[in-house]
Amino acid sequence: MAVSKPMNWRRLSRVVVDEMTCITFLQGVCMLRQNFKCGHCHRVIGELRVITRPSRPNEYVFQCTRRICVDSRRKSSMSLREGSWFAGHHLSLRKTLVLMYCFVRKLCYDDAIIESSMSDEEDNDDTEGAAAATRVVKTSSETISDLYTYCREVCSDAIVHHSRQNGGSKIGGQGMTVEIDESKFGRRKYNRGRVVEGHWVVGGICRETGEIFLEIAESRDAISLEDIIRRNVETQSTIITDCWRGYDQLGRSGDYERLSVNHSQNFVDPLTGAHTQNIENTWWQIKRQLPSTHSRNANSFDLQLLEFMWRRHNKASDDLFAVFLKDAASLYGTF
Ligand SMILES: [Zn+2]
């Protein structure tokens, strides 16, 4: 069952109606293997068996049932999840898929809990007990946090892969203009204090192509800034920055033409027409999207920025969920 029409809640509910339907769907999008070749008799095993162990309810395995193969030392069975994106955790595939969808749709934790909480029998395919317990197992916010992090890793991997394919992530070039600005993300530690927690992020946007780069700056000094710009912006570009002195050396090097805007005086330089409104608008979009309580952990902040870039990169897609599944499948090599 390939994704043909854009996914929505109605279609998703058909996919997650039971675990086997969900498996078929995930095999269709190459996120799970369709079969396994017995290491002893080399028969291709396509049908799945359910093994229930107390630690892992409902583990699906491909298993060659020939006695001689089971008794041999060769690998005669394989877990469905082995080597896949789902190998690291033991949530049901249905719940995982719902949470992946919640992530793509940017649901907050509270909404993701509501959408992914299933009753015991819904989650375990336990049709015998269906009449009995109807206790709904609430998804914990830790589970959602873990899964959202897994999902962000898919986004960051895809965006890094994409920029490598395009010969590095540099934007701009001769005849093009890149607006550059730095911004502090995070909150003031005290309402009036000078101590600010958070990260400096340097970003640039190419006016002609709309491409952006974002990078966390180790510190806000001239050397860090210059390194970041040289890594991300093609030489011969015209760069527009604010008047901060940290950018001065870059203009003098002759590698870039530099225009600046003095934000304390005007938003658009009256002589050159220089402005950095595009990049400032991008800051505003990012700040609006990041959770206000985002972790002070630099790694998780990095992931969130890359998630933003992934969403921006794919904004023209009419089925972001299909893009996400494709990226997740390619992360592990397509089955
Ligand atoms: Zn066999």
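Values in this document were obtained by computation on a predicted structure and should not be read as measured data.

Peer 1: Teacher, can you tell me more about the pairing of strand E9 (residues 199-206) here?
Peer 2: Here is the key point about a regular strand: its side chains alternate between the two faces of the sheet. For E9, the tally of buried residues reaches 7 of 8 residues, placing the bulk of the element in the interior. Sheet analysis places E9 next to strand E10 (residues 212-217), joined by 6 bridges and oriented antiparallel. Within the sheet, the bridge partner assigned to glycine 203 lies in E10 and is leucine 214. Where E9 folds back on E10, the antiparallel hairpin that results is connected by 5 residues, among which glycine 210 adopts a positive phi of roughly 80 degrees.

Peer 1: Would you explain the packing of helix H2 (residues 19-28) against helix H4 (residues 93-104) in this entry?
Peer 2: The angle between the axes and the distance between the axes are what describe a pair of packed helices. H4 packs onto H2 with a crossing angle of 55 degrees between their chain directions and a minimal axis gap of 9 Å. One way to sum up the angle between H2 and H4 is to call them oblique. Mapping the contact onto sequence places Glu19, Cys22, Ile23, Phe25 and Leu26 in H2 and Leu93, Arg94 and Leu97 in H4.

Peer 1: What's the story with the sheet that holds strand E11 (residues 238-242) in this structure? I'm lost.
Peer 2: Through backbone hydrogen bonds, the strands of a sheet pair up, either in parallel or in antiparallel fashion. Judged by pairing direction, the sheet is mixed, and its 5 strands sit side by side in the order E10-E9-E8-E11-E12 without closing on themselves. What marks the edges here is a single partner per strand, and that holds for E10 and strand E12 (257-261). For this sheet, the mean inter-axis angle between neighbouring strands, taken without regard to orientation, is 25 degrees. Note: strand E8 (residues 177-185) against E9, 8 bridges, orientation antiparallel. Paired with valine 178 across the bridge in E9 is cysteine 206. Across the sheet, helix H8 (residues 222-232) lies against E8, E9 and E10, angled at about 150 degrees from E10, the strand it touches most.

Peer 1: Looking at this structure, how should I read empty space enclosed by the protein?
Peer 2: Gaps between atoms show up when a probe of the same size as a water molecule is rolled over them. All told, the structure shown has 1 cavity of 30 Å³ or more when counted by the stated rule. Taken as a whole, the largest cavity spans an internal volume of roughly 40 Å³. If you go around the largest cavity, the residues you meet are Glu19, Asn58, Glu59, Tyr60, Ser79, Leu80, Arg81 and Leu93. For the lining of the largest cavity, a count of residues per class yields 3 nonpolar, 2 polar and 3 charged.

Peer 1: Looking at this structure, how should I read the packing of aromatic side chains?
Peer 2: Remark: the centre distance and the inter-plane angle together describe each pair of aromatic rings, the angle taken between the planes. In the structure shown here, the tally under the stated rule is 8 aromatic pairs. Ring geometry for tryptophan 9 against tyrosine 101: centres 4.7 Å apart, planes inclined by 80 degrees, an arrangement best described as edge-to-face. A residue pair is termed long-range when its members are at least 10 positions apart, and tryptophan 9 in helix H1 (residues 9-15) and tyrosine 101 in helix H4 qualify at 92 residues. Given a relative accessible area of 32%, tryptophan 9 falls into the partly exposed group. Centroid distance tyrosine 109 to tyrosine 148: 5.7 Å. Interplanar angle 85 degrees. Geometry classified as edge-to-face. On the criterion of sequence distance, the pair formed by tyrosine 109 in helix H5 (residues 109-116) and tyrosine 148 in helix H7 (residues 141-165) is long-range, its members being 39 residues apart. An aromatic cluster of three or more residues is present, and its members are Phe103, Tyr109, Tyr148, Trp310 and Phe324.

Peer 1: Quick question: what am I supposed to make of the pairing of strand E4 (residues 59-63) here?
Peer 2: When you tally the buried positions in E4, you get 4 out of 5 residues, the bulk of the element. Taken together, the 4 bridges between strand E3 (residues 48-51) and E4 define a ladder with antiparallel strand orientation. Residue pairing for E4: leucine 48 is matched across the bridge by phenylalanine 62. Alignment of E4 against strand E5 (residues 77-79), held across 3 bridges, turns out to be antiparallel. Counted as the bridge partner of glutamine 63 is serine 77 from E5.

Peer 1: Got a minute to help me understand the side chain of serine 116 in this structure?
Peer 2: Relative to the helices and strands, serine 116 resides in helix H5. Residue serine 116 is classed as buried on the basis of its relative accessible area of 0%. With near-sequence residues (within four places) excluded, serine 116 lies in contact with Lys95, Val98, Leu99 and Thr139.

The rules behind the values
- Residues numbered from 1 in each chain as written.
- Predicted model: local features only at pLDDT ≥ 70, side-chain atom pairs only at ≥ 80, totals over all residues.
- Heavy atoms only, no water.
- Buried < 20%, exposed > 50% of the residue type's maximum accessible area, 1.4 Å probe, protein only.
- Helix = DSSP H or I, 4+ residues; strand = E, 2+ residues; numbered from the N terminus.
- Pairing = 2+ DSSP bridges.
- Axes fitted to C-alpha atoms, helices over the stretch in contact; angles between N-to-C directions.
- Parallel < 35°, antiparallel > 145°, perpendicular 65-115°, else oblique.
- Contact = heavy atoms within 4.5 Å.
- 1 Å grid on protein atoms, 1.4 Å probe; cavity = no way out; pocket = protein on both sides within 12 Å on 5 of 7 lines; lining within 4 Å.
- Points joined across faces, edges and corners; volume = space filled by probe spheres on them.
- Nonpolar A, V, L, I, M, F, W, Y, C, P; charged D, E, K, R; others polar.
- Phe/Tyr/Trp six-rings, centres within 6.5 Å; stacked < 30°, edge-to-face > 60°.

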